[in-house]
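As a plain string of letters, each chain reads:
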Amino acid sequence: MYRQLKCRASPQFNVHNGAFEYLLRLLVTARWRRSEQYIKATTEVRVVQNLPIKISTQQRTHLVYWLFFSPSGELTADSLRRIVTIERRKDRFYYSLIGPSATLSVLAAAVEEAFKMSTFSWTVVVLTCQHKDSVYAFHRELELRQRGGCLSATTMLLTVQDRQEPLGSGGATLNALLVAAEHLSSRAGHTVVTADILDDAHVLILHTGRDFPWSSCSRAFSWLPVEDPALVVQAPVCCLDVLLRLLTQQVCPGSPPGVWVCSTDMTFSIPANFVLSWDSFSGVRALALPGDPSYAVSHGVYLSDDKGYVRDIIYKGSPERIQQALMHDGKVPLVSGPVFFSRPVAEKLLQVHVTPPLDGCTYLGLDSGAPPLQLSLFLDVLKCLCSDQTEDEFVGRDPVSGLQGATLQRGRRELWRILRGTALSLVYVPGGHYDYMTLSGKQHVLRLTRHPTQGHALSHIQVASGVSEGGRVINSVLEGRVTVATGAVVQHCHLQGPLHVPSGCLLSGLEASISPDVVRLALDDDVIIQGHRIKLGELNLTVYTVMGALDDLELCCDAEGASFVNAPWRIFFGRTDIQPEDLWAAGERRSLLEARLFPALHPKRGAPGLAGGVAWLLGGAGSVRLWREAWRLSLKEVLSLTHQKAELHWRESLLYLVGRKRARDVLMRKSDICLLPSFRAAVAGGQQAALLDTLDTIAAGNGAEPGEEPRNKESLDDGDVHVSEGAESGAQLGVSARCLSCIADVLTCWAEAEGGGGLRSGPAANENWSAAYFLLEKGDLKSGVQALATQRANWLSRPDLLVRAARHYEGAAQVLLRRAVMSSQKFVTIGQGELPPHGQWHEVECPARIDLAGGWSDTPPLTFERGGCVTNVAVKIDGRRPIGARARRIPRPLLLLVCHRGGRDSDIATEVVCETLDHLKDYCQPNAPGALLKAVCVCAGVASPSSQEPLGRQLTARWGGGLELHSWSALPTGSGLGTSSILAGALLAAVYNATGRSYSRDALVHAVLHLEQVLTTGGGWQDQVGGLEGGIKVGRSQARLPLRVLVERLRPPAAFMEALERRLLLVYTGKTRLARNLLQDVVRSWYARLPAMVDNAHELVSNGEDCARACLDGCLSSLGACLDRSWQHKKRMAPGCEPASVRLMMEALSPLVLGQSLAGAGGGGFLCLLTRQLDQKDDVADVLANTPGLGDFSVHTVQLDLDGLTVLQPV
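Only a predicted model underlies this, so the values are computations on that prediction, with no experimental measurement involved. Within each chain, residue numbers correspond to sequence positions counted from 1 in written order. A pLDDT threshold of at least 70 governs which residues receive local features in this predicted model, and a stricter bar of 80 or more applies before side-chain atom pairs are shown or counted, although totals over entire chains, interfaces and linings include all residues. Processing note: side-chain calculations cover all non-hydrogen atoms of the structure and skip hydrogens and water entirely.

With that out of the way, let us pick up the environment of leucine 536. Put simply, DSSP marks the helices as runs of H or I at least four residues long and the strands as runs of E at least two long, and each gets a number from the N terminus on. Take leucine 536: it is sitting in strand S24 (residues 527-536). In what follows, a contact means two residues having at least one pair of non-hydrogen atoms within 4.5 Å. The residues contacting leucine 536, other than those within four sequence positions of it, are Leu541, Trp631 and Leu641.

What follows is about the pattern of salt bridges. Pairing between side chains of opposite charge can happen when their charged atoms approach one another. Any Lys or Arg side-chain nitrogen found within 4 Å of a carboxyl oxygen on Asp or Glu counts as a salt bridge. In this structure the tally under the stated criterion is 62 salt bridges. Residue arginine 413 is joined to glutamate 391 by a salt bridge in which the shortest nitrogen-to-oxygen separation is 3.1 Å. Taken together, the positions of arginine 413 in helix H16 (residues 402-419) and glutamate 391 in helix H15 (residues 391-396) put the pair 22 residues apart, joining distant regions of the chain. Here arginine 1089 ties to glutamate 865 by a salt bridge, and the two come within 2.8 Å at their closest N and O atoms. Of this pair, arginine 1089 sits in the loop between helix H39 (1075-1088) and helix H40 (1091-1113) while glutamate 865 is found in helix H31 (residues 862-865), placing the two residues 224 residues apart along the sequence. Only protein chains enter the area calculation, which uses a 1.4 Å probe; residues under 20% of their type maximum are buried, those over 50% are exposed, and those in between are partly exposed. On the accessibility criterion, glutamate 865 (5% relative accessible area) is buried. Through salt bridges that share partners, Asp745, Arg760, Glu810, Asp1081 and Arg1084 make up one connected network.

Either a parallel or an antiparallel arrangement is found when strands of a sheet pair, and the pairing is made through backbone hydrogen bonds. In spatial order, the strands read S37-S36-S38-S35-S32-S47; together these six strands make up an open sheet with mixed pairing. A single partner strand is all that each edge strand has here, and the edge strands are strand S37 (909-914) and strand S47 (1206-1207). In terms of strand pairing, strand S36 (residues 895-901) meets strand S38 (residues 962-969) through seven bridges, oriented parallel. Within the sheet, the bridge partner assigned to valine 898 lies in S38 and is histidine 966. At least two bridges found by DSSP between two strands are what make those strands a pair.

This next bit is on the confidence of the model for the protein chain. The predictor's confidence in any single residue is recorded as pLDDT, a number from 0 to 100. Taken over all residues, the pLDDT of the protein chain has a mean of 87, while the share at 70 or more is 87%. Per-element mean pLDDT across the protein chain ranges from 36 in strand S30 (residues 722-723) up to 98 in strand S13 (residues 339-342). Low pLDDT, under 50, characterises residues 37-77; the predicted model gives this stretch 72 contacts beyond four residues in sequence or across chains. The low-confidence segment residues 98-103, where pLDDT is below 50, has 20 contacts with residues more than four positions distant or belonging to other chains.

To continue, consider the packing of aromatic side chains. Planes of paired rings set the category: under 30 degrees apart is stacked, over 60 is edge-to-face and the rest tilted, where pairs are Phe, Tyr or Trp rings (Trp by its six-membered ring) whose centres lie within 6.5 Å. According to the stated counting rule, one finds 18 aromatic pairs in the structure shown. On the basis of an interplanar angle of 15 degrees and a centroid distance of 5.5 Å, the ring pair of phenylalanine 564 and tryptophan 569 is categorised as stacked. Classification of tryptophan 569 as buried rests on a relative accessible area of 3%. Here the aromatic rings of tyrosine 1068 and phenylalanine 1166 are separated by 5.0 Å at their centres, their planes lie at 55 degrees, and the arrangement is tilted. A residue pair is termed long-range when its members are at least 10 positions apart, and tyrosine 1068 in strand S43 (residues 1064-1068) and phenylalanine 1166 in strand S45 (residues 1166-1171) qualify at 98 residues. Under the relative-accessibility criterion, tyrosine 1068 is labelled buried at 17%. Exposure remark for phenylalanine 1166: the relative accessible area of 4% places this residue in the buried category. These aromatic residues form a ring-pair network of at least three members: Phe564, Trp569, Phe572, Phe573 and Trp584.

On to helix H17 (residues 441-449), then. Turning to H17, its buried residues number three or more, namely Gly441, His444, Val445, Arg447, Leu448 and Thr449. In this fold, the buried residues of H17 make contact with strand S15 (433-436), strand S17 (472-474), strand S20 (489-491), strand S23 (506-508) and S24. With a side-chain oxygen lying 3.4 Å from the backbone nitrogen of lysine 442, the N-terminal cap of H17 falls on serine 440. Polar contact criterion, stated in full: a pair of N or O atoms within 3.5 Å, where within protein one must be able to donate a hydrogen and the other to accept it, and residues adjacent in sequence count only if both atoms are side-chain atoms.

Put into structure tokens, the structure is as follows:
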């Protein structure tokens, strides 16, 4: 049974990943293992282990031994997945546990606490910014992350500009806290700032810090060469995102109300099983990552006592001093990670805005005329809490002369007064990693290229072979032959080849228009070329800079080792005739960072571009005269003038262009990449129109891109559809069908972004779309797609119209899918013989089928895009073949169609007489009276509804009269035993026999496939394979068009067959559900290539093959395991296909069976059981009779039918 969790679902939470990771971390912590619940449960488990438990040994091992007695390192999230099932239903979580009752209470408590941790959210997130225009640009970046689910929808987002005078990280923290408190106070209805709003607030303050030379949008928004497949909305992974994820999901959950502060000029990682304990905590807490003592000499370290309280913060200390901070693992705790201020301490910090001279750190002090005060978070705010510090040492540290020094000392004295006595504790994280983003270009390139598990991120690479395995391409479009060497990075560029990027190089922010200029550059290794979008008043410019990755930006030009583009300055001065006075004004520090090297604007020639600036600096065409005439900027000035909005817009435009090109690649190459996150990103960015245009082009068959690298067989994805010679049109139909479904996805995403619009499933027969459907039906793909797009333009104004348009696009996709599957008609070969006499009945009867494993893999388009494998068995039920049909020729030129309900001789029947073609025209409408029998007559060629001849004349000319056709099934509707498809095969066989034609069972299998497309019911091939071919067999289809099904009859041992017959039972659950209700959702999910769907499709086929081997080996236990797995696969394929009463039934029967599964698609119908013992029908009936809440049910025996479709003697 499922229990509802108390916590609500947060938008960013991923059920399949996050829940188990949090649960894992919780259960391995010492705090949990010391809890009363744990101790009580482990005592009970020792008793329970000796009692009979109705779970498998494997489940029992994972639940009891791994959970309670194993070392923590051996417990894995995969282990938990075997015993904990978690579902997300709208905004609530539900969980189900498997195991002995004595452990369930402790595990349930762990799940509840783990979810409480995993749904942690911030009250407010504050991002401090150095520049004014960053405030608006960065706020939008936070909003995008909130829309994408990375931040809770309830979190208040604030971006705060630091005072123009440097405040330091401490001053910026105090100012950000004040702004956050003001906004929270206002939201709570207060007219003044009040500390009461901190009572239940979780505040996160992030500092972007100073400009970063290798990313114009600061270190926080520096992109990393990774993609996050868990994101619902496709987005980059920046340093900020890594920090947010770590803080929100791992470090901060469970913390009391208070303020977290963290810089974004670094990244860090901590072990997966790390969980902070907050028992008896008060004061301030600092998280420290391990570092080598040699590194710490130029950094800061914490010196702590044996109780974990910080004695001192050592900044750039001597090696001897650093050794005092050594930890048990030989590392030192770096001043690195986030800092937490508890609610009482945060209230004290809030006091500073009314405490001179500390108010000089805040904007209120600025507005009040207070002088600026620069404070460090670590060396001022935290240092005054260190136990080894005295007031005089703290106040008098690093003396500064003049008024500024006196103000600083007064400020420190006030800090000491306000904060002294607060405990500062250290949390050291062994196994953690810390990476500070220095100004070194070489280190930055190495940071992006050193991890072999990372690769290209959000990029389109037309010639993939040109990029080496060790190169990195981030948010870029590479067209033509662009080669990227190992150790080279291309980011935020649109480049056109031929072009070579040597090792160690970094190209950033370059547009396609300057690709010819880049091609002409003779690039050496370790060269960095960047394009920067800057704003000068109302003038927007792009300035290009060049550096060497080995250059030290801050080293004076005449210092040893100083260089420009990796060569000594003297060589550069000698080659260019540039003088130092050209680069630096008198009294300026002569560093590369401040050298005015880069032309921004020429008085006569305008913007010099790459050719007029960087190219000449690297030895290309130009002159020193033109260079001197240009207005030039240093890299430091370029960074300070960066137009953040324009820079981010350039990155976004590339991201959306990559998304469109990726969609083209995925669809044309038929790969299994899910495009939904990319679609949501395009909609969020207002780019849906361009995306829809791209999809229209692909759907119309014009998706090929000039200059694309030819793909050989080895380069194809596993999921590619291989098209036989002469079947190109069928392959395009498959591509176009998926593409139309993708357009439906985009329209639905658009509707959701505007507030909803209704259910995705619904009717798709509005008259306005009929003209487009007609064009698609007759094979005019290009005109049909154009007609769809034209009609779509009228349905974009409201969310409900968007959803209705999406339904019609799905309908159009179904048209193309049906046409693709109709290619199976190629394998229908029918011979013509003599007509039998009028009045002679030709009767056939068929068994039902039980699908043992692999069901759903036979369903188009899975079956021809992934390949299918289904193992099933033909069975009689209670000794009878339940399905049959008969036909005879009659003198009158009409069609007499009779459907019997309840069996062959049932008096309940529906009779339809077709005397004209109008009576036959609804043969493709599944709900029309006699639709199946009409479709059989059309597909079997008895009559043609499109003929100009009247029906009577057709029948007389072809068959010398009319036809009477009867069908019956003793099975209820929605039984799950393949009734409709098997009945279609029986009807076709009866008609063929009555009209003197010959056929094979293989032809019948493919004829039914074709018929069901004509009838528009869709469906796969396993039902007719199961009922028309006798015994146990495995059906297979390859990933290709035209669709062909190959059937292998299995020959298991005789003893196995006898035992199987006596162990197989069918239980009618009393629930019915038509497969068509499930089919639409499955096809939609497959077309979207949802990762869970793709993985499940692989497992379906694999389980089908395993089941065939189990039967050949004669292993009943293996067969039972396959049957159980098949049910799990079906539930993942079509969530919601397990009614509550069926779940109760299966739980009750679990001790009696080796395996069980609902037949067919699920949702109701018959439950198939493989019992542990022979002849257990009565035992099953007794258990079910004593299980409350099941409703009507019945238990039936089955007998293996080795003959399949049986033709009776004509009478």
